[in-house]
Amino acid sequence: MTTDVGPVESFPDGQVSIITLGRIEVGIIRWSGKVYAVSGICTHQGGPLCRGVLSGRLAGTAPGDMTLEDAAPVIACPWHGWEFDVCTGEAIWDPAVRVRTFPVKIVADRVLVEIGAGSRRWLASPRADET
Amino acid sequence: MYDGPMIDCDVHHARATDQELLPFLSRGWHEFISNRGPAGIMPLTVQDGLPNPHGFMRADTFPPDGSPPGSDFEMLRQQVLDRGDVRRAILTFGDDSHVAGHHNPYFAAELARALNDWSIDRWLSRDERLVSSIMVATQLPEQAVAEIRRHADNPRMVQVMLVDNPHRYPFGHPVFHPIYAAAEEIGRPIAIHGGAGGWANPASTGGGKVNFYFEAHTLWPQVVMTHLVSFISHGVFERFPRLRLLLIEAGAAWLPSLLWRFDTDYKGLRREVPWLKKLPSEYVRDHVWLTTQPLEISPKREQVAELLGWVNGADRLCYSSDYPHWDADETNYIASRLPASWHRRVFFENALKFYGWQEADLAPVGGRNAK
């Protein structure tokens, strides 16, 4: 199922825009011209992930080094600070832990979010990320 | 009961007298320390710890001539080396281990140098089963580095040991990194020896200075926890990936809960330390070993083993007696508290791995159970 969530220009670059699909919040994130859709539920304690802070990814090649990787946006849950890669949904500290992401297409300057069959079931459950 | 080969990872050797150290000092320091007229020799050890109501030493370890416990080789041989099939005993100094607690950093550096030479000359020469820690005066990291390198070609100087902390920050701080670089360079591990409640360690107990030795001893692991968390947070094992760390005389059963908390916090606070590449528990798994003494005594025997199982205790624990201290752990008592399937690893094989030794190189010498 494809859902048209609005024109591209309605999603400011570098920000999280929260929409509701079914009973679930989804974050539409535009970053350096690309658009991503991420579940609004943190896998940790069910916190409102997309109400957290969006940023580039901080990395360090050596102790004391603080490098900002702009190409890889990260969202940090406002509850406890767990960080997830917006592109993949993977937790920064363990790719096996992940939040749901959804395929996004831009067609005629409109943002289309692909919600598969499994996703539709997930959207019906407010804590489906934990199952 | 355990009668297999053993490596004792914490044996405190001591000087019988202050005069014993003087020949190992430079002429200038010898003069400075010893020629004070009727005032006698300048104090060589830091002595501001809380008094133990029993005394710090096991009463049966005092030599008949009244010299300090741990200072008589024959007595140490009988009470440690020959009590079982002891293949190696790691010497860790006594009050002299607090060399980094001296206020005068130059004095401390000279003492550390002299103590290491004394340990080689007076102890390692007596028995091939004895090997020694390298004491360093961390007040002056550059001099500590020079001291570490001085022992690069002596394989019986087996580890660099840190006890007191003369700096404001715990041992992961970059001020200590030259020491770790030198240790890694010459292929020696780092050992952190526990201690709390006195001496010159400025942060011996978090929350304030305690008033009783009872408190200090209970909180003994607190300092080691701080250093371990600091080591990992500052990325010491990222910067020095071949470095191994042994935590001595801090017990062990506190580690699982610390790591559970540490891993949880990493998930939320990684942003502050992005140079870390894996969970704190994974650094511990790859780099850190612990000695057993003083092993936490659970109400039921199986409880402590179950807890230590969470950190793969069978492969991470190394037996230590802490001879001749009042709270030294006796071999068979420790054997009775840990599963029999762990014994050979805890008493022998884990230390073999930690120090990078081969069993074939540690032939039995003597002792009650030597085969």
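Above this text sits the structure in question.
Residues numbered from 1 in each chain as written. Chains lettered and ligands numbered in written order. Predicted model: local features only at pLDDT ≥ 70, side-chain atom pairs only at ≥ 80, totals over all residues. Heavy atoms only, no water.

1. Thoughts on the overall build of chain B
As a reminder of what qualifies: Helix numbers and strand numbers start at the N terminus; a helix is a DSSP run of H or I with at least 4 residues, a strand a run of E with at least 2. Only C-alpha atoms enter the radius of gyration, while the globule expectation follows 2.2 Å times N to the 0.38, with N the number of residues. Under the scheme applied here, a residue whose accessible area is under 20% of the maximum for its type counts as buried, over 50% as exposed, and between as partly exposed, the area being computed with a 1.4 Å probe on protein chains only. Contacts: residue pairs with any heavy atoms within 4.5 Å of one another. Residues scored as positive are Lys and Arg, those scored as negative are Asp and Glu, and His as well as the terminal groups of each chain are ignored. All charge positions are set by atom: Lys at NZ, Arg at CZ, Asp at CG, Glu at CD.
Counting its secondary structure elements, chain B contains 14 helices and eight strands. Rg of the C-alpha trace for chain B: 20 Å, near the compact-globule value of 21 Å for 371 residues, within the 12% margin. Along the longest, intermediate and shortest principal axes, the C-alpha atoms of chain B span 60 × 50 × 45 Å. A burial count over chain B gives 59% of its 371 residues as buried. Considering only contacts within chain B whose residues lie at least 6 apart along the sequence, 80% involve residues at least 24 apart. With 37 positive and 45 negative side-chain charges, chain B shows a separation of 5 Å between the mean positions of the two kinds.

2. Quick notes on the packing of helix H7 (residues 220–233) of chain B against helix H9 (residues 255–269) of chain B
All names here are of chain B. Let me state the cut-off plainly: Where helices are involved, their axes are fitted lines through C-alpha atoms of the stretch in contact, as for all axes, and angles between N-to-C directions lie from 0 to 180°. Here is the rule for handedness: rotate from the far helix to the near one, and if that takes an anticlockwise turn smaller than a right angle the crossing is left-handed, while a clockwise turn gives right-handed. Each residue is assigned to one class: nonpolar for Ala, Val, Leu, Ile, Met, Phe, Trp, Tyr, Cys and Pro, charged for Asp, Glu, Lys and Arg, and polar for all the others, Gly among them.
In contact at an axis separation of 12 Å, H7 and H9 are set at 35 degrees when each is read in the N-to-C sense. Judged by the sense of rotation from one axis to the other, the crossing of H7 with H9 is right-handed. For the pair H7 and H9, contact is made by Met225, Leu228, Val229, Ile232 and Ser233 and by Leu255, Leu258 and Phe262, respectively. A class-by-class count of the residues in the contact of H7 with H9 yields seven nonpolar, one polar and no charged.

3. Focus on the sheet that holds strand E3 (residues 24–31) of chain A
Residues and elements named next belong to chain A. Stated precisely, the cut-off is as follows: Strand pairing follows a simple DSSP-based rule, namely that at least 2 bridges must link the two strands.
In spatial order, the strands read E2-E3-E4-E10; together these four strands make up an open sheet with antiparallel pairing. Each edge of the open sheet is held by one strand with a lone partner, namely strand E2 (15–21) and strand E10 (101–102). Strand direction decides the pairing type here: E2 and E3, joined by seven bridges, are antiparallel. Along E3, the bridge assignment pairs Leu21 with Ile24.

4. Points about the nonpolar core
Our working definition: In this text, buried Ala, Val, Leu, Ile, Met, Phe, Trp, Tyr and Cys residues form a nonpolar core when linked through side-chain atoms within 4.5 Å.
Counting 129 residues, the largest nonpolar core has Tyr180, Ile190, Leu228 and Phe231 of chain B as the members making the most contacts within it. Considering every element that reaches this core, the biggest residue donor is helix H3 (residues 105–124) of chain B, with ten residues. Setting aside chain neighbours within four positions, we find Tyr180 of chain B in contact with Leu162, Phe171, Ile190, Phe231, Val236, Phe240 and Leu243 of chain B. Grouped together as the second largest cluster of nonpolar side chains are 13 residues, Val8, Leu21, Ile28 and Ala37 of chain A included.

5. Side note on the packing of H9 of chain B against helix H10 (residues 280–287) of chain B
All names here are of chain B. Put simply, the rule is: By definition in this entry, angles of less than 35 degrees are roughly parallel, angles greater than 145 are roughly antiparallel, angles of 65 to 115 are roughly perpendicular, and the rest are oblique.
Taken N-terminus to C-terminus, the directions of H9 and H10 make an angle of 130 degrees; their axes are 7 Å apart at the nearest point. If you check the angle between H9 and H10, you find them oblique. Side by side, H9 and H10 meet where Leu255, Leu259, Phe262, Asp263 and Tyr266 of the first sit next to Pro280, Ser281 and Val284 of the second. In terms of residue class, the contact of H9 with H10 is made up of six nonpolar, one polar and one charged.

6. What to know about helix H4 (residues 141–150) of chain B
Convention followed: The reported arc concerns the directions from the helix axis to the C-beta atoms and nothing else.
Taken residue by residue, H4 of chain B has Pro141, Ala144, Val145, Glu147 and Ile148 of chain B as its buried positions. All buried residues of H4 of chain B lie within an arc of 165 degrees about the axis, which places them on one face of the element.

7. What to know about the side chain of Ser119 of chain B
All names here are of chain B. Position of Ser119 among the secondary structure elements: in helix H3. The exposure class assigned to Ser119 is buried, which follows from its relative accessible area of 0%. Beyond its immediate sequence surroundings of up to four residues, Ser119 is in contact with His13, Leu91, Phe93, Leu124 and Ser132.

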